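Descriptive structure summary
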Amino acid sequence: MSRRGTDLDELDRKIIAALMADARASLREIGVSIGLSAPAVKRRVDRLREQEVIAGFTTVVKPAALGWHTEAYVEVFCDGAAPPRRLAEVVRNHPEVHSAVTVTGRADAILHIRALDVAHFEDVLERIRSEPFVKATNSFIVLSHLLPSSPEAGSGSIAPDLT
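Keep in mind the model is a prediction, meaning the values are calculated, not measured. Throughout this document, residue positions are counted from 1 along each chain, in the order its sequence is written. Local features in this predicted model are restricted to residues of pLDDT 70 or higher, and side-chain atom pairs are both shown and tallied only at a pLDDT of 80 or more, whereas totals for entire chains, interfaces and linings draw on every residue. Side-chain measures were taken over the full set of non-hydrogen atoms in the model, leaving aside hydrogen atoms and water.

**A short note on the pattern of salt bridges**
Within this document, salt bridges are pairs made up of a side-chain nitrogen of Lys or Arg and a carboxyl oxygen of Asp or Glu, the two lying within 4 Å of each other. All told, the structure shown has 11 salt bridges when counted by the stated rule. Among the salt bridges present, the one from Asp-46 reaches Lys-42, with a minimum N-O distance of 2.6 Å. Taken as a pair, Asp-46 and Lys-42 lie in helix 3 (residues 38–50) at a separation of 4 residues, close to a single helical turn. Note on Asp-46: relative accessible area 31%, which makes it partly exposed. The buried label goes to any residue with under 20% of its type's maximum accessible area, the exposed label to any with over 50%, and the partly exposed label to all in between, with areas taken from a 1.4 Å probe on protein chains only. Note on Lys-42: relative accessible area 41%, which makes it partly exposed. Where helices and strands are cited, they refer to DSSP runs of H or I of at least four residues and of E of at least two residues respectively, numbered from the N terminus.

**Considerations on the pairing of strand 2 (residues 97–102)**
Two strands qualify as a pair provided DSSP detects at least 2 bridges between them. Where strand 2 and strand 3 (residues 109–115) come together, 5 bridges link them in antiparallel fashion. In the strand pairing of strand 3, Val-101 is matched with Ile-110. Taking the residues between adjacent antiparallel strands as the criterion, strand 2 and strand 3 are bridged by 6 residues, where Gly-105 takes a positive phi near 100°.

**Details of the nonpolar core**
In these notes, a set of buried Ala, Val, Leu, Ile, Met, Phe, Trp, Tyr and Cys residues joined through side-chain atoms within 4.5 Å is what counts as a nonpolar core. Val-74, Val-76, Leu-111, Ile-113, Phe-121 and Phe-133 are the most contacted members of the largest nonpolar core, which has 19 residues in total. Those elements that provide at least two residues to this core are strand 1 (70–78), helix 4 (84–92), strand 3 and helix 5 (118–129). Every residue pair with non-hydrogen atoms within 4.5 Å of one another is taken to be in contact. Apart from the residues within four sequence positions on either side, Val-76 is in contact with Ala-107, Asp-108, Ala-109, Leu-111, Val-134 and Ala-136. Ranked by size, the runner-up nonpolar core spans 12 residues in total, among them Ile-34, Val-45, Leu-48 and Ile-54.

**A closer look at the sheet that holds strand 4 (residues 134–141)**
Reading across from one edge, 2-3-1-4 is the order of the 4 strands in this open sheet, with antiparallel pairing throughout. At either margin of the open sheet sits one strand with a lone partner, and together these are strand 2 and strand 4. Here the strands of the sheet are splayed against their neighbours by 20° on average, with no regard to which way each runs. In the sheet, strand 1 pairs with strand 4 via 7 bridges, with the strands oriented antiparallel. Paired with Tyr-73 across the two strands is Phe-140, which belongs to strand 4. Helix axes use the C-alpha atoms of the stretch in contact, all axes being lines fitted to C-alpha atoms, and the angles between their N-to-C directions lie in the range 0 to 180 degrees. Running at roughly 170° to strand 2, helix 4 makes contact with strand 1, strand 2 and strand 3 of the sheet. Contacting strand 1, strand 2, strand 3 and strand 4, helix 5 crosses the sheet at an angle of about 160° to strand 4.

Honestly, that's just the spatial picture; any functional story needs more than this.
Below you can see the structure in the form of structure tokens.
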């Protein structure tokens, strides 16, 4: 698959949009909506999975329903050039880290953290700060989500117009 997605035709894009809107939609339902048989949709979905266009299917649960009431973003500043592989090892040891990325700019990485409460977040932050190569952190506690239907807000994303 090319990085620009040019290998996808209009029907592939419609299938992807339908699955993003409702991953539990049946192949028959998708087929009816785009004018294909269920077996034809299955062949295309299988091909899209093989090509890793579709990386998987998941269930999205609201974090607050599981008791995670505090959310924050943390910029991580490393002492020297900590390799991304080392940062990845560290964040995997903290189940509260929801996502982590290396970035350009002053910070070396940004972590998305979910915690039970502020005290729990403080504990997580102290554990991250205790890593030998972490020089400093800068934290931002989330007050509200401006896009409540986003995955970061604990909702399924609205399928973009891929056609």
